[in-house]
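Tertiary structure, described
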Amino acid sequence: MDCADNIKMDEKIKFIYAAGLALIILLTALASAFAISAPYMENKTLKLYPGQSQNLEFVLQNVGGDAIEDIRIKATILEGSEIAKITDSNDVYEIPKGEMTKMNLKVSAPSDAKIGDMHKIKLGFGTVTSSPTGAFAFGSSINQWFNVVVEEKTAEQKQQNQKLIYIIGLVALILLIVMVVWFWKKKKVEIEGSSKVL
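Quantities reported herein were computed from a predicted structural model and do not represent experimental measurements. (Residues numbered from 1 in each chain as written. Predicted model: local features only at pLDDT ≥ 70, side-chain atom pairs only at ≥ 80, totals over all residues. Heavy atoms only, no water.)

Here we take up the overall build of the protein chain. Helix and strand counts for the protein chain stand at two helices and nine strands. Helices (α) and strands (β) of the protein chain occur, in sequence order from the N terminus, as α-β-β-β-β-β-β-β-β-β-α. Expressed as a percentage of the 198 residues in the protein chain, the buried residues total 24%. Surface summary for the protein chain: the accessible area is close to 14100 Å², and the carbon and sulfur share equals 61%. (Helix = DSSP H or I, 4+ residues; strand = E, 2+ residues; numbered from the N terminus. Buried < 20%, exposed > 50% of the residue type's maximum accessible area, 1.4 Å probe, protein only. Areas by Shrake-Rupley, 256 points an atom, 1.4 Å probe, with all protein chains shown as cover.)

A general tendency of soluble globular proteins is for nonpolar side chains to be buried together. Counting residues in hydrophobic clusters, the biggest one holds 27 residues, and the most contacted among them are Phe58, Met103, Leu105, Val107, Phe125 and Phe146. When residues of this core are traced back to their parent elements, those giving at least two are strand S2 (45-48), strand S3 (53-62), strand S4 (71-79), strand S5 (84-86), strand S6 (92-95), strand S7 (99-108), strand S8 (118-130) and strand S9 (136-150). Setting aside chain neighbours within four positions, we find Phe58 in contact with Ile36, Ser37, Ala38, Pro39, Thr101, Lys102, Met103, Leu105, Leu123, Phe125 and Phe146. (Core = buried A, V, L, I, M, F, W, Y, C linked by side-chain atoms within 4.5 Å. Contact = heavy atoms within 4.5 Å.)

A few words on unusual backbone geometry. A positive phi angle, near 55°, is found at Asn43, a position not held by glycine. Looking at the secondary structure, you find Asn43 in the loop between strand S1 (35-37) and S2.

This part is about the confidence of the model for the protein chain. Put simply, the protein chain has an average pLDDT of 81, and 72% of its residues get 70 or more. Mean pLDDT values for the elements of the protein chain range from 60 in helix H1 (residues 3-31) up to 97 in S5. Counting interchain partners and residues more than four positions distant, the pLDDT-below-50 stretch residues 28-32 has four contacts. (pLDDT = per-residue confidence, 0-100.)

Further remarks concern the pattern of salt bridges. Close approach of charged atoms lets side chains of opposite charge pair. Counted according to the given criterion, the structure contains three salt bridges. Note that Arg72 is salt-bridged to Glu94, the shortest N-O span being 2.8 Å. Of this pair, Arg72 sits in strand S4 while Glu94 is found in strand S6, placing the two residues 22 residues apart along the sequence. The exposure class of Arg72 is partly exposed, given its relative accessible area of 23%. Of the residues examined, Glu94 reaches a relative accessible area of 52% and is grouped as exposed. Between Asp91 and Lys74 there is a salt bridge, with the nearest N and O atoms lying 2.8 Å from each other. On the criterion of sequence distance, the pair formed by Asp91 in the loop between S5 and S6 and Lys74 in strand S4 is long-range, its members being 17 residues apart. (Salt bridge = Lys/Arg side-chain N within 4 Å of Asp/Glu carboxyl O.)

What follows covers the packing of aromatic side chains. Applying the stated criterion across every chain, the model contains three aromatic pairs. Summarising the aromatic geometry, the rings of Phe58 and Phe125 are spaced 6.2 Å apart at their centres and angled 40° between planes, so their arrangement reads as tilted. Separated by 67 residues along the polypeptide, Phe58 in strand S3 and Phe125 in strand S8 bring together distant segments of the chain. Overall, Phe58 belongs to the buried group, its relative accessible area being 1%. Its relative accessible area of 1% is what places Phe125 among the buried residues. A connected cluster of aromatic rings, assembled from ring pairs, spans Phe58, Phe125 and Phe146. Lys120 extends its terminal NZ or CZ atom over the ring of Trp145, reaching a point 5.4 Å from the ring centre. (Phe/Tyr/Trp six-rings, centres within 6.5 Å; stacked < 30°, edge-to-face > 60°. Lys NZ or Arg CZ within 6 Å of the ring centre and 35° of its normal.)

Shown next as structure tokens:
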């Protein structure tokens, strides 16, 4: 091999490295064409007491310099579907270029859950396109996860429950009094009407 062949080989290697780097940059830009904002949870942990449900809102974004077209994102529960449910009517979200939309998730701790139980929720968000046959073809994707920990009701939650019980009891008492007064007046009118007949 002479010097000219070595120079050509070095140029080929440099070209391959440059092409590979350009491909990596292009793929990174395509993969980051959308973003997901998750609700804040300290240490990625949602704390629920047994039987409690909470609605969470995830923001799906098609914004930034990489947003070049409208996209469709499919949301999927990868783990934890026994306690989590997407509450929107459709799990595929149309997001115009430069816009955002919301995905709603309901998480419910089982009523028979034990204090300290932990469940992992893992969500997958992927861009989709429709093929001529109507099937989905998937593109780039992002996964989000968080843990659900079952804990005891806080003093504030217990107090709210007690207030609710008092309010329901008060409303029931008022209804009972109204019903007694109504029946009493009705009976009185019936008695007065029958005594006039006599």
